[in-house]
Amino acid sequence: MTNWNNCLDLADLSTTQLQEVLDLAQDYQAGKQAPALKRPVYGVNLFFENSTRTKSSFQMAEKKLGIDLIEVNPATSSVQKGETLSDTLRTLEAIGVDFAVIRHGQTGWYQELVENPYVTMGLFNAGDGAGVHPSQTLLDLLTIENEFGRIDGLKVGIIGDLAHSRVAKSDAKILKSLGATLYFGGPDSWYSHDFDDLGTFGTLEEILPELDVVMMLRVQLERFDEANRDAFTAVDYYQQFGLTQERAKLLPEHSIIMHPAPVNRNVEIASELVDGDKSRIFTQMGNGVFARMAMITKVLQARGLMEADK
Amino acid sequence: MTNWNNCLDLADLSTTQLQEVLDLAQDYQAGKQAPALKRPVYGVNLFFENSTRTKSSFQMAEKKLGIDLIEVNPATSSVQKGETLSDTLRTLEAIGVDFAVIRHGQTGWYQELVENPYVTMGLFNAGDGAGVHPSQTLLDLLTIENEFGRIDGLKVGIIGDLAHSRVAKSDAKILKSLGATLYFGGPDSWYSHDFDDLGTFGTLEEILPELDVVMMLRVQLERFDEANRDAFTAVDYYQQFGLTQERAKLLPEHSIIMHPAPVNRNVEIASELVDGDKSRIFTQMGNGVFARMAMITKVLQARGLMEADK
Amino acid sequence: MTNWNNCLDLADLSTTQLQEVLDLAQDYQAGKQAPALKRPVYGVNLFFENSTRTKSSFQMAEKKLGIDLIEVNPATSSVQKGETLSDTLRTLEAIGVDFAVIRHGQTGWYQELVENPYVTMGLFNAGDGAGVHPSQTLLDLLTIENEFGRIDGLKVGIIGDLAHSRVAKSDAKILKSLGATLYFGGPDSWYSHDFDDLGTFGTLEEILPELDVVMMLRVQLERFDEANRDAFTAVDYYQQFGLTQERAKLLPEHSIIMHPAPVNRNVEIASELVDGDKSRIFTQMGNGVFARMAMITKVLQARGLMEADK
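Calculation rules
Residues numbered from 1 in each chain as written. Chains lettered and ligands numbered in written order. Predicted model: local features only at pLDDT ≥ 70, side-chain atom pairs only at ≥ 80, totals over all residues. Heavy atoms only, no water. Helix = DSSP H or I, 4+ residues; strand = E, 2+ residues; numbered from the N terminus. Rg over C-alpha atoms; globule rule 2.2 N^0.38 Å. Buried < 20%, exposed > 50% of the residue type's maximum accessible area, 1.4 Å probe, protein only. Contact = heavy atoms within 4.5 Å. Lys, Arg positive; Asp, Glu negative; His and termini not counted. Charge placed at Lys NZ, Arg CZ, Asp CG, Glu CD. Buried area = accessible area lost by both parts, 1.4 Å probe. Salt bridge = Lys/Arg side-chain N within 4 Å of Asp/Glu carboxyl O. Polar contact = N/O pair within 3.5 Å; in protein donor to acceptor, adjacent residues only side chain to side chain. Nonpolar A, V, L, I, M, F, W, Y, C, P; charged D, E, K, R; others polar. Phe/Tyr/Trp six-rings, centres within 6.5 Å; stacked < 30°, edge-to-face > 60°. UniProt positions renumbered as here; feature names shortened; annotations may be inferred. Pairing = 2+ DSSP bridges. Axes fitted to C-alpha atoms, helices over the stretch in contact; angles between N-to-C directions. Least-squares fit on C-alpha atoms with pLDDT ≥ 70 in both. Core = buried A, V, L, I, M, F, W, Y, C linked by side-chain atoms within 4.5 Å.

*Asks:* Could you clarify how one ought to interpret the overall build of chain A in this entry?
*Replies:* The number of helices and strands found in chain A is eleven helices and nine strands. Taking 310 residues into account, the globule formula puts the C-alpha radius of gyration at 19 Å, and chain A, at 20 Å, falls close to it. Across the 310 residues in chain A, those meeting the buried criterion constitute 61%. Here the contacts in chain A between residues at least 6 apart in sequence split such that 74% fall between residues at least 24 apart. Charged side chains of chain A number 28 positive and 43 negative; the gap between the two group centres comes to 5 Å.

Put into structure tokens, the structure is as follows:
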């Protein structure tokens, strides 16, 4: 089990540890004051891929914890001169930066770094290529737990581009480990057998009536351009696999709709549903700040940079 | 009349409201302390078009008011994944951002948003396409009032690319509503009949001797490339329509020269005049901080986020 | 001698002034608290060229001194509309910015500005084209003095692309003025006769056994593409001029290895040496924060913006 030295993959946490960080996120949401920093703490958010919500949500969490941010834009940094990620991090560490939040296109960008004896700063994975996205998973868990008071025994469907979604991979594994029953949907050609052991694949018509929670995934529109490989357009997709208002009627009364966003309205989900009663999409974003505050708190406490909780 | 919920177009304000915000800007300039925030307030500056002075001036105003800024760069945000402006704003609002300052190429970008029941954060227009530029207009009013103690009865000339200038449109309407007499100059082909009801069009030689204030507009140099439509170059422009040192002698002794900047020296105005006694060009920029502090104060007070003035 | 109004070229300082700023940097490194600011002080970091370490190091130094930063990105500023650097600075000064840290591709970008009566803000040179890099030189001096307790009498070698390195020019002149004996190495075609009066040019095999300090310069890899002018590749370079593990054995036991970074591992220096016992490369980066704190302190004190040292 991890000692919270970093936060790279929630699968490294024990169920107890997961529950503790979720509880802390709920406490922050309920107004708990963050424990004091033991000295000024410096963080950096390094996003090698575009992001609005993850990056701004981390910023907000960091500010609420009283952390000072050093601004580094990878697009105008020495990364452009061919510097390796580990040398960039060692530079920042030498300068006095205590932790880095990193989104990077390379799956498992952190593997080498955690074995590199010269990189000792705290590392947070804000999304690694086709890997995982732990802060998104944590906010998804928080959203579900806030709604149902538990995860164990719930039926959760994840629908869309499963093969390419780090959210899907990240969430499915953890949800199952916490006792949820999983269902998958979307185009056959976008399914991955990695999910075979985690749940049941079916049509939306089969799945939707079962679900407590439906998580729609983002369609990467650029994929429709790839040599018509999948031979459908955004309109086709919506008709065949989108959560239309018609299909949403199949959902149980008490169920909720989630989406990691950004949303393509009327591609993977009807615009009205995004703004409707069942939607928790913007709620998820708000929860993201508390989830990230909790993650960062755990790591700073493990590193002796923040007082213990009272 | 507006209730200061947002600040999108000064034409929405009553004359009394305009005078109040100008008075507050003058108070800030005289050293008045900003009222305290009732809780931490978070703002974001979203510039979809290049800017130095407007963006840095808003930053300075925000810092002086004690506001925490979340940094979002539209060029590396989810806007690049096709997210709508309203969904980006709802995201930021969900994260806890209280207001956004936005410059956007689309004229009237805010129209839909103020009718969108899901966007409730404060909105400031920092320039909308060929629309208006209220914080620039407010700083222009402040500069004139600081100089002459009034706007009513003054003669103000606006010269240059009137048809494409949001400063011209924004300023002319408000100046006239406050009792100024307006004159317009520049190439016929760059004039717009929108200005017919607001004042008199004439040659620089006719206009300049009348003026208390001359506002030179920026020439968008790229317009000279457009198929030679206007059949002149920067040098031609300067000779025919520029405020040369020779032409500046036509101005009354007490008159002042303004320009929204950035200036093309020796295109729309002689370089020596930019730095001369009559120039208030850099004064305008300094005034911009106080004008923006006043605008933001009014909105934060209307929203219950800041204490009332003492 | 300079009065510390700006910090543009260390060659402007007397030996006494240089020693004072180095002493202050050492005090900061030893934990000295920065003197209080007399009022809020606003700075801006304007990097017209890519940078990670210099930019983030200045940020850290500024934060530790309690300075408020205004963020301006030259890539999305009015510089793109053709505004001159002096007008951009006058704008920022009008807005209330007290000093600017500038890296710019033009050698001697500051020459005109210090003579411009309208630009009165503090200016720090963070690298000017093929000119100098005073904050890098100061941190290099600090690193050497921390190691040997003196600079006078030391033997320092600088090896690599001397003709194009502002670090080489900057460091060599100052090191010699402080009593160091200099040696130069690298390809003949990358040498410049500007160094003739400063020290001795020789092969690595000749030089290395003499040195207390060897400073390896970064190879700008793009130079290998220039029409094969130098007729060698990165591999050739390493074999002929790189600090290989074999060549490093020629260095005296007590000697140290420095590099301004970013490093091309296995081009100018063996990767193992970067991480080895003799390397002070990451130490240099850490020292950079204290060197920059000291430089900024001197300028703010000269400008009456910061209390005197106790």
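*Asks:* How should I be thinking about the interface of chain A and chain B in this particular structure?
*Replies:* When the parts come together, some accessible area is lost, and that loss is often what is quoted as the size of the interface. Contacts between the two partners involve 21 residues from chain A, matched on the other side by 24 residues from chain B. It is A:Asn50, A:Thr52 and A:Met60 in chain A that bury the most area against chain B; as a group they hold 27% of the surface buried on that side. Linking B:Asp87 and A:Arg265 is a salt bridge whose minimum nitrogen-to-oxygen distance equals 2.7 Å. Counting every contact that joins chain A to chain B gives seven residue pairs in polar contact (both at pLDDT 80 or more). Of all the secondary-structure elements, those providing two or more residues to the side of chain A that touches chain B are helix H2 (53-64) and helix H11 (281-302) of chain A. Looking at the side of chain A that touches chain B element by element, the count peaks at seven residues for H2(A). When the residues that make up the side of chain A that touches chain B are grouped by side-chain class, the tally is five nonpolar, eight polar and eight charged.

*Asks:* In this structure, what is going on with the packing of aromatic side chains? I would like to understand it.
*Replies:* The geometry of two aromatic rings is summed up by the distance between their centres and the angle between their planes. All names here are of chain B. A complete count under the given rule lists 24 aromatic pairs over all chains for this structure. Centroid distance Phe-99 to Phe-124: 5.4 Å. Interplanar angle 75°. Geometry classified as edge-to-face. Highlighted residues: Phe-99 in strand E3 (residues 99-104) and Phe-124 in strand E4 (residues 122-128), separated in sequence by 25 residues. By relative accessible area, which is 1% here, Phe-99 ends up buried. Judged by relative accessible area, which is 0%, Phe-124 ranks as buried. For the ring pair Tyr-191 and Phe-201, a centre distance of 4.5 Å and an interplane angle of 45° mean the geometry is tilted. Of this pair, Tyr-191 sits in the loop between strand E6 (181-185) and strand E7 (199-201) while Phe-201 sits in strand E7, and the two are ten residues apart along the sequence. Phe-201 gets classed as partly exposed once you look at its relative accessible area, which sits at 29%.

*Asks:* Hey, could you run me through the UniProt feature "binding site: L-aspartate" (unreviewed entry) in chain A in this one?
*Replies:* All names here are of chain A. Sites flagged by UniProt as "binding site: L-aspartate" (unreviewed entry) map to Lys-81, Arg-166 and Arg-218. Their sequence span is 138 residues, while the largest C-alpha to C-alpha distance among them is 33.3 Å; these annotated residues do not converge on one region. In this fold, Lys-81 is placed in the loop between strand E2 (68-70) and helix H3 (85-95). Since its relative accessible area comes to 30%, Lys-81 is described here as partly exposed.

*Asks:* Can you help me understand the environment of A:Ser170 in this one?
*Replies:* Residue and element names in this part refer to chain A. Counting through the fold element by element, Ser-170 comes out in helix H6 (residues 166-177). Aside from chain neighbours lying at most four places away, what touches Ser-170 is Val-132, His-133, Pro-134 and Thr-137. Here the side chain of Ser-170 touches Thr-137 through a polar contact of 2.9 Å, side chain to side chain.

*Asks:* Which parts of the structure should I look at to understand the sheet that holds strand E1 (residues 42-47) of chain B?
*Replies:* Strand pairing in a sheet relies on backbone hydrogen bonds, with the paired strands running either antiparallel or parallel. All names here are of chain B. In space, the four strands of this open sheet follow the order E2-E1-E3-E4, with parallel pairing throughout. Of all strands in the sheet, those with a lone pairing partner are strand E2 (68-70) and E4, marking the two edges. Recorded for the sheet is a direction-independent mean angle of 20° between the axes of neighbouring strands.

*Asks:* Sorry, what's going on with unusual backbone geometry here?
*Replies:* Backbone phi values are negative for most residues with the exception of glycine, while trans is the configuration of most peptide bonds. Residues and elements named next belong to chain B. The omega torsion of the bond from Ala-261 to Pro-262 falls at 0°, within 30 degrees of zero and hence cis. With a phi close to 65°, Ala-261 is a non-glycine residue in the positive phi region. Within the fold, Ala-261 resides in the loop between strand E9 (256-258) and helix H10 (271-274). For Ala-261, a relative accessible area of 13% puts it in the buried group. A positive phi angle is found at Asn-266, which is not glycine, with a value near 65°. Residue position: Asn-266 is located in the loop between E9 and H10.

*Asks:* Sorry if this is basic, but what is going on with the pattern of salt bridges here?
*Replies:* It is possible for side chains bearing opposite charge to pair when their charged atoms get close. Residues and elements named next belong to chain A. Evaluation of the coordinates by the stated rule reveals 30 salt bridges over all chains. Asp-98 serves as the salt-bridge partner of Arg-39, at 2.6 Å between the closest nitrogen and oxygen. Pair noted here: Arg-39 is in the loop between helix H1 (15-29) and strand E1 (42-47) and Asp-98 is in the loop between H3 and strand E3 (99-104), with a separation of 59 residues, a long-range link. Owing to a relative accessible area of 38%, Arg-39 belongs among the partly exposed residues under this scheme.

*Asks:* Is there a simple way to think about the relation of the copies chain A and chain B in this case?
*Replies:* Relating one copy of the chain to the other takes a rotation about an axis and a shift parallel to that axis. When chain A is brought onto chain B, the operation consists of a screw motion whose angular component is 120° and whose axial shift is 0.0 Å, with 0.0 Å RMSD remaining. When the rotation and shift are considered jointly, the pair of chain copies conforms to a three-fold rotation axis. Using C-alpha coordinates, one finds that chain A approaches the rotation axis most closely at A:Glu71, a distance of 5.4 Å. Here only 5% of the contact residues of chain A are again contact residues in chain B; the copies associate through non-equivalent surfaces.

*Asks:* Explanation requested: the nonpolar core in the structure shown.
*Replies:* It is characteristic of soluble globular proteins that their nonpolar side chains tend to be buried jointly. The biggest cluster of nonpolar side chains holds 80 residues, and the ones touching the most others in it are A:Leu89, A:Leu123, C:Leu138, C:Leu141, C:Leu175, C:Phe184 and C:Ile296. The leading source of residues in this core is helix H11 (residues 281-302) of chain C, at nine residues. In contact with C:Leu138, other than residues within four places in its own chain, are C:Leu10, C:Leu18, C:Val21, C:Leu22, C:Ala291 and C:Met295.

*Asks:* How do you make sense of the relation of the copies chain B and chain C when you look at a structure like this?
*Replies:* The operation relating chain B to chain C is a screw motion whose rotation component is 120°, with 0.0 Å of axial translation and a residual RMSD of 0.0 Å. A low fraction, 5%, of the interface residues of chain B reappear at the interface in chain C, so the copies pair through non-equivalent surfaces.

*Asks:* So what exactly am I meant to see when it comes to the sheet that holds strand E7 (residues 199-201) of chain C here?
*Replies:* Residue and element names in this part refer to chain C. Reading across the sheet, the five strands line up as E7-E6-E5-E8-E9 and stay open at both edges, with parallel pairing between neighbours. For this open sheet the edge positions go to E7 and strand E9 (256-258), each flanked by a neighbour on one side alone. Along the sheet, successive strands turn relative to each other by an average axial angle of 20°, direction set aside. Two elements, strand E8 (residues 213-216) and E9, share three bridges in a ladder whose sense is parallel. Pairing of Val-214 across the sheet is with Ile-257, part of E9.

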